[in-house]
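Take a look at the letters that make up each chain.
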Amino acid sequence: GQQVMQIPQYQHVQEGEDFTTYCNSSTTLSNIQWYKQRPGGHPVFLIQLVKSGEVKKQKRLTFQFGEAKKNSSLHITATQTTDVGTYFCAGPRTDKLIFGTGTRLQVFP
Amino acid sequence: GAGVSQSPSNKVTEKGKDVELRCDPISGHTALYWYRQSLGQGLEFLIYFQGNSAPDKSGLPSDRFSAERTGGSVSTLTIQRTQQEDSAVYLCASSLVFHGPLSPLHFGNGTRLTVT
């Protein structure tokens, strides 16, 4: 069945360093969504990518959707302590929205 | 505007008892989803509703799990004869349309279930 893997599983960075998480699907995705879950909180929608090769930016966050629509990445420039949390990608599979395994980001001040 | 509301927020139950978890989606959202998240883990898909219909129940872990949705609004997830491995946070989410473009999931705060 369709699997959505994310790497790395964990990432610890010093405040001000950059961070990237990668999302890989075993099948082509019609679109991909990204969510952020703060410690103790629930996932919150960040963005959706639909087009092959699409790049979207939200302040210090840059999201990319691969040309083959099977992978995606989230890059954070100059991390801040407020970026702490787990970042999930999610892709639809017919009747389900499958979430990736998540990347947990820890930022040290 | 209210978000997705789940109750109870916490539930401690003894092994073997039945529990009922409730989800009140955002008004007008036709799609409703249930996920389970164990401590420090990802989101495990359980079931979704399109209106009152649940076309695919294969995500439910066992026949002890059931869910229903009435009036295209409130949904309940019932776990019968709870087991310790059922302990997790149960998250409900709703969206305006099912997997439509620009239709993100809005999650509730979850119900933390502890089976002793």
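Quick note: structure is the one above.
This structure is a prediction, so every number in the text was calculated from the model and none was measured.

Caption draft 1: Inspection of the overall build of chain B at higher detail. Scanning chain B from N- to C-terminus turns up zero helices and ten strands. Secondary structure elements of chain B, listed N to C terminal, follow the sequence β-β-β-β-β-β-β-β-β-β. What you see for chain B is a C-alpha radius of gyration of 13 Å, in line with the 13 Å of a compact globule of 116 residues. Across its three principal directions, the C-alpha atoms of chain B cover 40 × 25 × 25 Å. The buried share of chain B, taken over its 116 residues, is 50%. Considering only residue pairs separated by 6 or more positions, chain B has 55% of its internal contacts joining residues 24 or more positions apart. Summing over all exposed atoms, chain B offers an accessible surface of approximately 5500 Å²; the carbon and sulfur share of this is 47%. Charge-centre separation for chain B: the mean point of 10 positive side chains lies 3 Å from the mean point of 10 negative side chains.

Caption draft 2: A look at the sheet that holds strand β3 (residues 19-25) of chain A. All names here are of chain A. On the basis of which strands lie adjacent, the open sheet formed by five strands has the order β1-β3-β8-β7-β6 and antiparallel pairing. Edge strands, defined here as strands with exactly one partner in the open sheet, are β1 (4-7) and β6 (55-58). With strand direction ignored, the average angle separating the axes of adjacent strands in the sheet is 15°. For β1 and β3, the ladder comprises four bridges, and the chain directions are antiparallel. What sits directly across from I7, in β3, is Y22.

Caption draft 3: Seen up close, the packing of aromatic side chains. Under the criterion given, the structure shown has twelve aromatic pairs over all chains. Relative to Y48 of chain B, the ring of Y33 of chain B lies with its centre 6.4 Å away and its plane at 35°, an arrangement referred to as tilted. Separated by 15 residues along the polypeptide, Y33 of chain B in strand β4 (residues 31-37) and Y48 of chain B in strand β5 (residues 44-50) bring together distant segments of the chain. A single burial state applies to Y33 of chain B and to Y48 of chain B, both of which are buried. Where Y35 of chain B meets F45 of chain B, the ring centres are 5.6 Å apart and the plane angle is 75°; that geometry is what we call edge-to-face. Here F45 of chain B lies in strand β5 and Y35 of chain B lies in strand β4, a separation of ten residues in the sequence. Using a relative accessible area of 9% as the deciding quantity, one classes F45 of chain B as buried. Grouping aromatic residues by their ring pairs yields a cluster made of Y35, F45, F88 and F99 of chain A together with Y33, Y35, F45, Y48 and F107 of chain B.

Caption draft 4: Structural view of the interface of chain A and chain B. In this complex, chain A contributes 15 residues to the contact, which on the side of chain B involves 21 residues. Together chain A and chain B conceal approximately 1500 Å² of surface at their shared face, both sides included; 57% is due to carbon and sulfur atoms. Across the contact surface, chain A and chain B share zero salt bridges. Put simply, chain A and chain B have four residue pairs in polar contact (both at pLDDT 80 or more) between them. Among the residues making up the side of chain A that touches chain B, the classes are represented as seven nonpolar, six polar and two charged.

Caption draft 5: Region of interest: the state of the cysteines. Evaluation of the coordinates by the stated rule reveals two disulfides over all chains. Each sulfur in the disulfide pair C23 of chain A and C89 of chain A lies 2.0 Å from the other. A torsion of 75° about the S-S bond marks the disulfide between C23 of chain A and C89 of chain A as right-handed. Of the two residues, C23 of chain A is situated in strand β3 and C89 of chain A in strand β9 (residues 85-93); the sequence distance between them amounts to 66 residues. In terms of burial, C23 of chain A and C89 of chain A fall into one category: buried. Across the disulfide from C23 of chain B sits C92 of chain B; the S-S distance is 1.9 Å. Its S-S torsion of about -65° marks the bond between C23 of chain B and C92 of chain B as left-handed, since a negative value means left-handed.

Caption draft 6: Spotlight on the pattern of salt bridges. Residues and elements named next belong to chain B. With the rule as written, the count across this model stands at six salt bridges over all chains. As a salt-bridge pair, R22 and D24 come within 3.8 Å of each other at their nearest N and O atoms. Residue class for R22 comes out partly exposed when judged on its relative accessible area of 39%. Given a relative accessible area of 28%, D24 falls into the partly exposed group. Of the charged contacts in the structure, one is a salt bridge between R64 and D86, with a shortest N-O distance of 2.8 Å. Taken as a pair, R64 in the loop between β5 and β6 (65-69) and D86 in the loop between β7 (75-79) and β8 (88-95) lie far apart in primary sequence, 22 residues in all.

Calculation notes
- Residues numbered from 1 in each chain as written.
- Chains lettered and ligands numbered in written order.
- Predicted model: local features only at pLDDT ≥ 70, side-chain atom pairs only at ≥ 80, totals over all residues.
- Heavy atoms only, no water.
- Helix = DSSP H or I, 4+ residues; strand = E, 2+ residues; numbered from the N terminus.
- Rg over C-alpha atoms; globule rule 2.2 N^0.38 Å.
- Buried < 20%, exposed > 50% of the residue type's maximum accessible area, 1.4 Å probe, protein only.
- Contact = heavy atoms within 4.5 Å.
- Areas by Shrake-Rupley, 256 points an atom, 1.4 Å probe, with all protein chains shown as cover.
- Lys, Arg positive; Asp, Glu negative; His and termini not counted.
- Charge placed at Lys NZ, Arg CZ, Asp CG, Glu CD.
- Pairing = 2+ DSSP bridges.
- Axes fitted to C-alpha atoms, helices over the stretch in contact; angles between N-to-C directions.
- Phe/Tyr/Trp six-rings, centres within 6.5 Å; stacked < 30°, edge-to-face > 60°.
- Buried area = accessible area lost by both parts, 1.4 Å probe.
- Salt bridge = Lys/Arg side-chain N within 4 Å of Asp/Glu carboxyl O.
- Polar contact = N/O pair within 3.5 Å; in protein donor to acceptor, adjacent residues only side chain to side chain.
- Nonpolar A, V, L, I, M, F, W, Y, C, P; charged D, E, K, R; others polar.
- Disulfide = S-S within 2.5 Å.

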